[in-house]
Amino acid sequence: MDWSMVGAISELVGAVAVVASLVYVGRQVRHSTTMARSAVLHELSAETNSWAMSIAENPSLAAAFARIHRGETRNQVPEVERIQLGYAFVAYLNQIGLMFSEAQAGVISSDELDTRVGSGLPLLRSPYLVSLWPIVRPGLREPFARWMEDRYELLTGSGELPESWMAPVATDAAEGVE
């Protein structure tokens, strides 16, 4: 066996080692990506559970959400509950905004995002929260706000807007509320 043969065998062994290393690194990257996605989903679930438990553990806030589910307007909800609902809505939108960012970055799938947001659609489409949308929208990132409007039909149409979510709506007079 001459030196050129030894060199060729060495190159072959080196090439096989490089391919094996690339396969190993590819598997490690795939495993790391899976673990990162799992951690994000776990964190999103923990945030959702925390938000839900904050409602469940606060009788006043739970009563306020019950009002929303019954279809009450902002003028029918006492001021303290309007404040609670406003902050809870902002927290919920921030949570959805985080999920939207994670989906845009490819960390979670758009199906996962739709599943998680879809469970809250009855709440998001309630007349009460729809009336808050134009008030809280300016504080959201534009791509997220546009996605929410396009995907979940959160446009409220025309009408005079109050200065904050705490104020009653002046246009509720048409509904028979003074």
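Refer to the structure printed above.
The rules we used
Residues numbered from 1 in each chain as written. Predicted model: local features only at pLDDT ≥ 70, side-chain atom pairs only at ≥ 80, totals over all residues. Heavy atoms only, no water. Helix = DSSP H or I, 4+ residues; strand = E, 2+ residues; numbered from the N terminus. Buried < 20%, exposed > 50% of the residue type's maximum accessible area, 1.4 Å probe, protein only. Contact = heavy atoms within 4.5 Å. Areas by Shrake-Rupley, 256 points an atom, 1.4 Å probe, with all protein chains shown as cover. Axes fitted to C-alpha atoms, helices over the stretch in contact; angles between N-to-C directions. Parallel < 35°, antiparallel > 145°, perpendicular 65-115°, else oblique. Nonpolar A, V, L, I, M, F, W, Y, C, P; charged D, E, K, R; others polar. Salt bridge = Lys/Arg side-chain N within 4 Å of Asp/Glu carboxyl O. 1 Å grid on protein atoms, 1.4 Å probe; cavity = no way out; pocket = protein on both sides within 12 Å on 5 of 7 lines; lining within 4 Å. Points joined across faces, edges and corners; volume = space filled by probe spheres on them. Patch = residues over 30% accessible without salt bridge, like charges linked within 9 Å, V, L, I, M, F, W, Y side chains within 5 Å. Core = buried A, V, L, I, M, F, W, Y, C linked by side-chain atoms within 4.5 Å.

Enquirer: I tried to follow the overall build of the protein chain on my own but got confused; where do I start?
Expert: If you tally the helices and strands in the protein chain, you get seven helices and zero strands. Listed by position from the N terminus, the elements making up the protein chain come as α-α-α-α-α-α-α. Per-residue burial for the protein chain yields a buried fraction of 33% across its 178 residues. When contacts within the protein chain are restricted to residue pairs at least 6 apart in sequence, long-range pairs at least 24 apart make up 71% of them. When the accessible surface of the protein chain is totalled, it reaches about 10900 Å², and 59% of it is carbon and sulfur.

Enquirer: So what exactly am I meant to see when it comes to helix α6 (residues 127-136) here?
Expert: The α-helix advances 3.6 residues per turn, and as a result positions three or four apart in sequence lie on the same side. Here α6 lies mainly inside the structure; seven of its ten residues are buried. Taken residue by residue, α6 has Tyr-128, Leu-129, Val-130, Leu-132, Trp-133, Ile-135 and Val-136 as its buried positions. Buried residues belonging to α6 abut α2 (59-69), α3 (79-104), α5 (121-124) and α7 (142-152).

Enquirer: What should I look at first to understand the packing of α3 against helix α4 (residues 110-118) in this one?
Expert: Relative placement of two packed helices is described by the angle separating their axes and the distance separating the axes. Two numbers describe how α3 lies on α4: the axes approach to 9 Å, and their chain directions differ by 170°. Of the possible angle classes, the one that applies to α3 and α4 is roughly antiparallel. On α4, the residues touching Tyr-92, Ile-96, Met-99, Phe-100 and Ala-103 of α3 are Leu-113, Arg-116 and Val-117. Split by residue class, the contact of α3 with α4 holds seven nonpolar, no polar and one charged.

Enquirer: Hey, could you run me through the pattern of salt bridges in this one?
Expert: Opposite charge on two side chains allows them to pair when their charged atoms are near. Inspection of every chain in the model, using the stated rule, returns eight salt bridges. Glu-112 is the partner of Arg-116 in a salt bridge, and the nearest nitrogen-oxygen pair spans 2.5 Å. Of this pair, Arg-116 and Glu-112 both sit in helix α4, four residues apart, which is roughly one turn of the helix. Salt-bridge contacts for Glu-142 lead to Arg-146; the nearest nitrogen and oxygen are separated by 3.3 Å. With Glu-142 and Arg-146 both in helix α7 and four residues apart, this pair spans about one turn of that helix. Overall, the relative accessible area of 36% leaves Glu-142 in the partly exposed class. In this structure, a network of salt bridges that share partners links the residues Arg-67, Arg-70, Glu-72 and Glu-81.

Enquirer: Quick question: what am I supposed to make of the layout of surface pockets here?
Expert: It is a probe the size of a water molecule, rolled over the atoms, that shows where empty space is left. There is about 210 Å³ of room inside the second largest pocket. Contributing to the lining of the second largest pocket are Thr-48, Trp-51, His-69, Tyr-92, Gln-95, Met-99, Thr-115, Arg-116, Ser-119, Gly-120 and Leu-123. Breaking the lining of the second largest pocket down by element, the ones donating at least two residues are α1 (3-56), α3 and α4. In the lining of the second largest pocket, the residues fall into four nonpolar, six polar and one charged.

Enquirer: Is there a simple way to explain a nonpolar patch on the surface in this structure?
Expert: Among the surface-exposed residues, Met-1, Trp-3, Met-5, Val-6, Ile-9 and Val-13 lie close enough to one another that they form a single nonpolar patch of about 710 Å² accessible area. Along the polypeptide, Met-1 turns up in the segment before α1. Judged by its relative accessible area of 78%, Met-1 falls in the exposed class.

Enquirer: Even after reading the chapter, I still don't get the nonpolar core, so can you show me in this structure?
Expert: Of all hydrophobic cores here, the largest spans 36 residues; its most connected members are Phe-65, Ile-96, Leu-124, Trp-147 and Met-148. Among the elements that take part in this core, α3 stands out by supplying nine residues, more than any other. Apart from the residues within four sequence positions on either side, Trp-147 is in contact with Ile-96, Phe-100, Leu-113, Asp-114, Val-117 and Tyr-152.

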